[in-house]
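Each chain, letter by letter, is given below.
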Amino acid sequence: MSNGLKQDISIGHNLRRLRKQAGLTQGQVSAKLEIMGLTMTPEIYAKIEQGKYSIKISVLLALKDIYHINSFDSFFEGLSLHDDND
């Protein structure tokens, strides 16, 4: 069983926005995740924000706490299944 979410639609832009709103660098976020017991390097986190690396559900749960957001909606804001040109 996979323990990650396949990013067929990238949430990287939203992750980057939330991280910057929290005033954190990728290194700081990865360090906080490590403290929470989740293996993460700044390089891997950068790939997640670029949509090149799938995010684990456990990491998404931790980021919700790190970024002090109340809802998972912030991760998926502005995303759509369909291209607006359809």
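Residues numbered from 1 in each chain as written. Predicted model: local features only at pLDDT ≥ 70, side-chain atom pairs only at ≥ 80, totals over all residues. Heavy atoms only, no water.

### A look at the overall build of the protein
Where we set the bar: A run of H or I in DSSP counts as a helix once it spans at least four residues, and a run of E counts as a strand once it spans at least two, with each numbered from the N terminus. Only protein chains enter the area calculation, which uses a 1.4 Å probe; residues under 20% of their type maximum are buried, those over 50% are exposed, and those in between are partly exposed. Note on contacts: a residue pair is in contact if any heavy atoms of the two residues lie within 4.5 Å. What sets the accessible areas is the Shrake-Rupley method with a 1.4 Å probe; for residues, cover comes only from the shown protein chains.
Each helix and strand in the protein was counted, giving five helices and two strands. Secondary structure elements in the protein, listed N-terminal to C-terminal, are β-α-α-α-β-α-α. For the protein, with 86 residues in total, the buried portion stands at 33%. Taking the intrachain contacts of the protein between residues at least 6 apart in sequence as the baseline, contacts between residues at least 24 apart amount to 64%. Total accessible area computed for the protein in this model is approximately 5700 Å², and 52% of it derives from carbon and sulfur atoms.

### Let's talk about the packing of helix α1 (residues 12–21) against helix α3 (residues 42–49)
Two quantities define a packed helix pair, namely the angle between the helix axes and the distance between the axes. So the rule is basically this: Angles here are taken between N-to-C directions and fall from 0 to 180 degrees, while the axes themselves are lines fitted to C-alpha atoms, restricted in helices to the stretch in contact. Each angle is binned into one of four classes, with values under 35 degrees roughly parallel, values over 145 roughly antiparallel, values of 65 to 115 roughly perpendicular, and all other values oblique. For this classification, Asp, Glu, Lys and Arg are treated as charged, while Ala, Val, Leu, Ile, Met, Phe, Trp, Tyr, Cys and Pro are nonpolar and the rest, including Gly, are polar.
Remark: α1 packs on α3, axes separated minimally by 7 Å, with the N-to-C direction vectors making an angle of 120°. If you check the angle between α1 and α3, you find them oblique. Here Gly-12, His-13, Leu-15, Arg-16 and Arg-19 of α1 come into contact with α3, specifically with Tyr-45, Ile-48 and Glu-49. Split into classes, the residues belonging to the contact of α1 with α3 amount to three nonpolar, two polar and three charged.

### So, the pattern of salt bridges
Going by this rule: Salt bridges are defined by distance alone: a side-chain nitrogen of Lys or Arg within 4 Å of a carboxyl oxygen of Asp or Glu.
In this structure the tally under the stated criterion is three salt bridges. Residue Glu-49 is joined to Arg-16 by a salt bridge in which the shortest nitrogen-to-oxygen separation is 3.7 Å. Here Arg-16 lies in helix α1 and Glu-49 lies in helix α3, a separation of 33 residues in the sequence. Note on Glu-49: relative accessible area 2%, which makes it buried.

### Some remarks on the packing of helix α2 (residues 26–35) against helix α4 (residues 57–66)
Rules: Handedness of a helix crossing follows the sense of rotation of the near helix relative to the far helix, less than a right angle counterclockwise being left-handed and clockwise being right-handed.
For the pair α2 and α4, the least separation of the axes is 11 Å and the interaxial angle reads 115°. Relative to α4, α2 is oriented roughly perpendicular. Considering how the two elements wind past one another, α2 and α4 form a crossing that is right-handed. Every residue of α4 that contacts α2 at Val-29, Lys-32 and Leu-33 is listed here: Val-59, Ala-62, Leu-63 and Ile-66.

### Focus: α2
Condition: By arc we mean the arc of the directions from the helix axis to the C-beta atoms, nothing more.
Buried within α2 are the following residues: Val-29, Ser-30 and Leu-33. The buried residues of α2 occupy an angular sector of 95° when the element is viewed end-on, so they sit on one face. Those residues of α2 that are buried lie in contact with α1, α3 and α4.

### With respect to the nonpolar core
To keep things clear, this is the line we draw: The set of buried Ala, Val, Leu, Ile, Met, Phe, Trp, Tyr and Cys residues whose side-chain atoms join them within 4.5 Å is what this entry labels a nonpolar core.
Judged by nonpolar contacts, the single largest core of 19 residues is most densely connected at Leu-15, Leu-33, Tyr-45, Ile-55, Leu-63, Tyr-67 and Phe-75. Those elements giving two or more residues to this core turn out to be α1, α2, α3 and α4. When residues no more than four places from it in sequence are discounted, the contact partners of Tyr-67 are Leu-15, Leu-18, Arg-19, Ala-22, Leu-24, Val-29, Tyr-45 and Phe-75.

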